[in-house]
Amino acid sequence: MKNLILKILPFVLVVSISTLKAQEARQLISKVIDANGGKDALNKLKDVSYDYTFMVKDNKIEDISKERYIFNGEVSFAEYTKREVYALPQMPGKKYVQFFNGSKTTSIMDGKVITAQQPAFFGHILRKTNYYWFTMMFKLLDPGVHHKMLPTRTVDGTAYKIVEMTFGENIGESSQDKYILYINPTTHRIDQFLYSATGFGVTEPSIMKVNYEKIDGVYVSTYRKYAPADWNGNKKKGPWTEQYTTNVNFNNGYTLENIKN
């Protein structure tokens, strides 16, 4: 019996330490959400519209869209006014719209529904991804999201608290994705993070740097830029891709019927 206890004890200790680390990480993430205004505050704003520019700086090519979301149901709509990067630049047409109604995405080019599998899939990925980038800082404790504390990392003189975030099955676009969050010890907001984007076929990590503006009581990441990196946070050779969020307006009275108008 004594030998059995001695064998089990190290396993119990490892599990206990792991559980404590997960609890510490979740408590820290809770502070992050509160520091951004809180999920309840975002939900009370009901919906949002904004102009979104996705620009590959060195090549000077852009996707530009007018984005509209309803927070209840994560409904997402966009009309593209410029599409040179991901928004089907190879497909002829003038008016390209995407609409996710909470369960299904429909992409339409010049009034015709896109049925080909790959462009339809990219429309769905863009709807889910753009919505996630806008609301990410309020979704960090969603069901099925897992957290783990990692050792502190210092960047430009700031000692960041580091949390690894992964996803359970059927959570997000891929359970293979991983995020490494750099939490500012003073503001409790995330200044940068590392992530993979397997939905776009990218398994190597990128580093994302984030700037915020406080709008109607919540912090919105109005400027982001990302580039190839390693999991230690070192940028690799490659251009920055910049993302600008402007003309943010909440509480527009959107419904499933009028959000596309």
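The notes below deal with the structure included here. Nothing here was measured: the structure is a model prediction, and the numbers come from that model. (Residues numbered from 1 in each chain as written. Predicted model: local features only at pLDDT ≥ 70, side-chain atom pairs only at ≥ 80, totals over all residues. Heavy atoms only, no water.)

Quick look at the side chain of Gln98
Now for step 1: Here Gln98 lies in strand E4 (residues 96-100).
Now for step 2: According to the relative accessible area criterion, Gln98 is buried, its value standing at 0%.
Now for step 3: Reaching out from Gln98, the side chain makes a polar contact with the side chain of Tyr96 at a distance of 2.9 Å.
Now for step 4: When residues no more than four places from it in sequence are discounted, the contact partners of Gln98 are Ser76, Phe77, Ala78, Tyr80, Thr106, Ser107, Gly123, Leu126 and Arg127. (Helix = DSSP H or I, 4+ residues; strand = E, 2+ residues; numbered from the N terminus. Buried < 20%, exposed > 50% of the residue type's maximum accessible area, 1.4 Å probe, protein only. Polar contact = N/O pair within 3.5 Å; in protein donor to acceptor, adjacent residues only side chain to side chain. Contact = heavy atoms within 4.5 Å.)

Considerations on the packing of aromatic side chains
Now for step 1: Evaluation of the coordinates by the stated rule reveals 24 aromatic pairs.
Now for step 2: An aromatic cluster is defined as three or more aromatic residues linked by ring pairs; in this entry it consists of Phe54, Tyr86, Tyr132, Trp133, Phe167, Tyr179, Phe193, Tyr195 and Tyr226.
Now for step 3: Between Lys178 and the ring centre of Trp231, over which it is positioned, the NZ or CZ distance is 4.3 Å.
Now for step 4: Over the ring of Trp240 we find Lys225; its NZ or CZ atom is 4.4 Å from the centre of that ring. (Phe/Tyr/Trp six-rings, centres within 6.5 Å; stacked < 30°, edge-to-face > 60°. Lys NZ or Arg CZ within 6 Å of the ring centre and 35° of its normal.)

Structural notes on the nonpolar core
Now for step 1: Formed by 44 residues in total, the largest nonpolar core has its most connected members in Leu140, Tyr179, Phe193 and Phe250.
Now for step 2: Beyond its immediate sequence surroundings of up to four residues, Leu140 is in contact with Ile29, Val32, Ile33, Val145, His147, Met165, Leu181 and Ile190.
Now for step 3: Among the nonpolar cores identified, the runner-up in size contains eight residues, and Ala78, Ala87, Ile114 and Leu126 belong to it. (Core = buried A, V, L, I, M, F, W, Y, C linked by side-chain atoms within 4.5 Å.)

Some points on helix H3 (residues 117-135)
Now for step 1: Helix length check: H3, at 19 residues, gives a terminal C-alpha distance of 27 Å against a target of 27 Å (1.5 Å per residue), a fit within 8%.
Now for step 2: Buried within H3 are the following residues: Pro119, Gly123, Ile125, Leu126, Arg127, Thr129, Asn130, Tyr131, Tyr132, Trp133, Phe134 and Thr135. (Expected span 1.5 Å × (residues − 1).)

Topic: the pattern of salt bridges
Now for step 1: Considering all chains together, one arrives at seven salt bridges under this definition.
Now for step 2: Glu62 serves as the salt-bridge partner of Lys82, at 3.0 Å between the closest nitrogen and oxygen. Within this pair, whereas Lys82 is found in strand E3 (residues 75-83), its partner Glu62 is found in strand E2 (residues 61-70), the two being separated by 20 residues in sequence.
Now for step 3: For Lys82, a relative accessible area of 32% gives the class partly exposed. (Salt bridge = Lys/Arg side-chain N within 4 Å of Asp/Glu carboxyl O.)

Let's talk about unusual backbone geometry
Now for step 1: Phi at Asp156 is positive, roughly 50°, even though this residue is not glycine.
Now for step 2: Within the fold, Asp156 resides in the loop between strand E7 (145-155) and strand E8 (158-167).
Now for step 3: For Asp216, which is not glycine, the phi dihedral falls at a positive 50°.
Now for step 4: Note on placement: Asp216 falls in the loop between strand E11 (202-215) and strand E12 (218-228).
Now for step 5: Looking at Asp216, the relative accessible area reads 55%, which means it is exposed.

A short note on the pairing of strand E5 (residues 105-109)
Now for step 1: The alternating pattern of E5 places Thr105, Ser107 and Met109 on a buried face and Thr106 and Ile108 on a face that is not buried.
Now for step 2: A loop of four residues connects E4 with E5, the two strands running antiparallel in sequence, and Gly102 in this loop sits at a positive phi of about 110°.
Now for step 3: Examined bridge by bridge, E5 and strand E6 (residues 112-113) share two bridges and lie antiparallel to one another. Looking at E6, one finds that Met109 is bridged to Lys112.
Now for step 4: Where E5 hands over to E6, the hairpin turn is made up of two residues, of which Asp110 adopts a positive phi near 50°. (Pairing = 2+ DSSP bridges.)

On their own, these measurements won't tell you what the molecule is for.
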